[in-house]
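Okay, here's what each chain looks like letter by letter:
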Amino acid sequence: METVCFIASGTGRSRRESPRMSPSVLRKDGFLSFQTSKYRLHYYETPSGLKFVMNTDLSVSNARETLQHIYSNLYVEYIVKNPVCVLGHNLDSELFSSRLDAFIRALPYYSPRAA
Amino acid sequence: MVIFSVYVVNKAGGLIYQYDNYVPRAEAEKTFSFPLDLVLKHHDEKVIVSFGQRDGIRVGHAVLSINGVDVMGKNTGEGKDILEYLRDANNYPVSIRFGRARLSSNEKLMLASMFHSLFAIGSQLSPDVGSSGIEMLETDVFKLHCFQTLTGIKFIVLADPRQSGIDTLLRKIYEIYSDFALKNPFYSLEMPIRCELFDQNLKGALEVAEKAGNFGAGS
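Definitions and limits used
Residues numbered from 1 in each chain as written. Chains lettered and ligands numbered in written order. Predicted model: local features only at pLDDT ≥ 70, side-chain atom pairs only at ≥ 80, totals over all residues. Heavy atoms only, no water. UniProt positions renumbered as here; feature names shortened; annotations may be inferred. Helix = DSSP H or I, 4+ residues; strand = E, 2+ residues; numbered from the N terminus. Contact = heavy atoms within 4.5 Å. Areas by Shrake-Rupley, 256 points an atom, 1.4 Å probe, with all protein chains shown as cover. Lys, Arg positive; Asp, Glu negative; His and termini not counted. Charge placed at Lys NZ, Arg CZ, Asp CG, Glu CD. Core = buried A, V, L, I, M, F, W, Y, C linked by side-chain atoms within 4.5 Å. Buried < 20%, exposed > 50% of the residue type's maximum accessible area, 1.4 Å probe, protein only. pLDDT = per-residue confidence, 0-100. Salt bridge = Lys/Arg side-chain N within 4 Å of Asp/Glu carboxyl O.

Chain B has the name Trafficking protein particle complex subunit in an unreviewed UniProt entry, where Scophthalmus maximus is given as its organism. UniProt annotates chain B under Function (unreviewed entry) with the comment "Core component of the TRAPP complexes which has a function of guanine nucleotide exchange factor activity for Rab1 GTPase. Plays a role in vesicular transport from endoplasmic reticulum to Golgi and autophagy. May play a role in dendrite postsynaptic membrane trafficking." Of chain B, the UniProt comment under Sequence similarities (unreviewed entry) reads exactly: "Belongs to the TRAPP small subunits family. TRAPPC4 subfamily."

Per an unreviewed UniProt entry, chain A goes by the name Trafficking protein particle complex subunit and belongs to Scophthalmus maximus. Recorded in UniProt for chain A, the comment headed Subunit (unreviewed entry) runs: "Part of the multisubunit transport protein particle (TRAPP) complex." Under the heading Sequence similarities (unreviewed entry), UniProt records this for chain A: "Belongs to the TRAPP small subunits family. BET5 subfamily."

Colleague: I keep staring at the overall build of chain B and nothing clicks. Help me out?
Modeller: Along the backbone of chain B there are 4 helices and 11 strands. Projected onto the principal axes, the alpha-carbon positions of chain B cover approximately 60 × 45 × 35 Å. Counted over contacts in chain B with a minimum sequence separation of 6, partners at least 24 positions apart contribute 56%. Accessible surface for chain B amounts to roughly 11,200 Å². Of this, 53% is attributable to carbon and sulfur atoms. Once the 23 positive and 26 negative side-chain charges of chain B are each reduced to a mean point, those two points are 1 Å apart.

Colleague: Whenever I open this one, the nonpolar core confuses me. Can you help?
Modeller: As a rule of thumb, nonpolar side chains are buried together in soluble globular proteins. Phe155, Val157, Leu169, Tyr177, Ile193, Phe198 and Leu202 of chain B are the most contacted members of the largest nonpolar core, which has 26 residues in total. For this core, the elements supplying multiple residues, two or more each, are β1 (3-9), β2 (15-20), β11 (154-159), α3 (166-182) and α4 (196-212) of chain B. A per-element tally of this core places α3 of chain B first, with 7 residues. Within the second largest apolar cluster, 23 residues are counted, among which are Tyr39, Tyr43 and Val53 of chain A together with Leu158 of chain B.

Colleague: How do you make sense of the confidence of the model for chain A when you look at a structure like this?
Modeller: All names here are of chain A. On average, residues of chain A score 78 in pLDDT, and 73% of them are at 70 or above. Least confident of the elements in chain A is strand β1 (residues 4-8), whose mean pLDDT is 57; most confident is strand β3 (residues 40-45), at 94. Note that residues 9-17 has pLDDT below 50 and, in this model, 18 contacts with residues that lie over four places away or in other chains. Considering only residues more than four positions removed or in separate chains, one finds that residues 23-27, a stretch of pLDDT under 50, has 12 contacts.

Colleague: Can you walk me through the side chain of Glu138 of chain B in this structure?
Modeller: Tracing the backbone through its elements, the reader meets Glu138 of chain B in strand β9 (residues 136-139). One buried charge, Glu138 of chain B, has no salt-bridge partner; the nearest side chain with opposite charge is Arg40 of chain A, at 4.2 Å. When residues no more than four places from it in sequence are discounted, the contact partners of Glu138 of chain B are Phe31, Leu32, Ser33 and Arg40 of chain A together with Lys143 of chain B.

Colleague: I keep staring at unusual backbone geometry and nothing clicks. Help me out?
Modeller: Trans peptide bonds make up the majority, and among non-glycine residues the majority have a negative phi. Residue and element names in this part refer to chain B. A cis amide bond, omega -10°, links Phe34 with the succeeding residue Pro35. With respect to the helices and strands, Pro35 occurs in the loop between β3 (27-32) and β4 (39-43). The residue Asn67 is not glycine, and still its phi comes out positive at about 55°. With respect to the helices and strands, the residue Asn67 is situated in the loop between β6 (62-66) and β7 (69-70). Owing to a relative accessible area of 42%, Asn67 belongs among the partly exposed residues under this scheme. Backbone geometry places Glu190, a non-glycine residue, at a positive phi of 70°. Following the sequence through the fold, Glu190 ends up in the loop between α3 and α4.

In structure tokens form, the structure reads like this:
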């Protein structure tokens, strides 16, 4: 299983259109994920507009908790609370990268891809 | 369990068929006195709530009618600008009906084309080679399923997240399309589908899918 993680901030409009097609106004979570025949893209947006995107294979059905954990326990701890990191620019924290890597490797659904 | 809507998109990304089946949207009619405690704004030729929430009226809801008369875009039934009308204390007390605005056909066209592009981007983003486009998109209130035929026609179904058997339903819609649209001598390819038999059979297939809870192979 391959996992690729993106973090984007700012306003991205196109994905937010999906709730407009929905029949009810109860927009708690909005767009969650999409899948193709080979992979699944998971999405989590914080109330501040920060977007977390993760690509996994089809066996992972719900990664919202994972992304939420990445935000509150990794991003907030190692980027937001880092006085050197400028929010909104490239995330340049070794500690963040290594902790994120360790966290992903420890996930129950992670398995190193056979080369 | 409900199937909310069906969209058919042609090779170029244009919407050629659309069918809405969803349950009536929540509406709220209330009598207000001056000053109005909701903040309204213009958005896309409609007047919507931008701030304020009470009694079933939420942010994003549109003004549907004033004093029983349906509004026309940004103006009241009589042609007066809604925001001007509501700023005048003499017009109160006023009864306004709010609700989630239905998508106009233009908006549906735009959304279908947008999905057509995102479908293609979905296959480009794949970490693995040879990926299809977006087959299923999930949100907290609905699931969007898409089936692309070998000729590039996309059948899109929006349904309840718990509804199963949509894959079979999509194949069935493809079958109905080839039987009642393609075999219709008056139907031109890639054009909007205006075939009565297609409508009828599609509605029938949707009813079977909803009743069964899942669309069995035996149907």
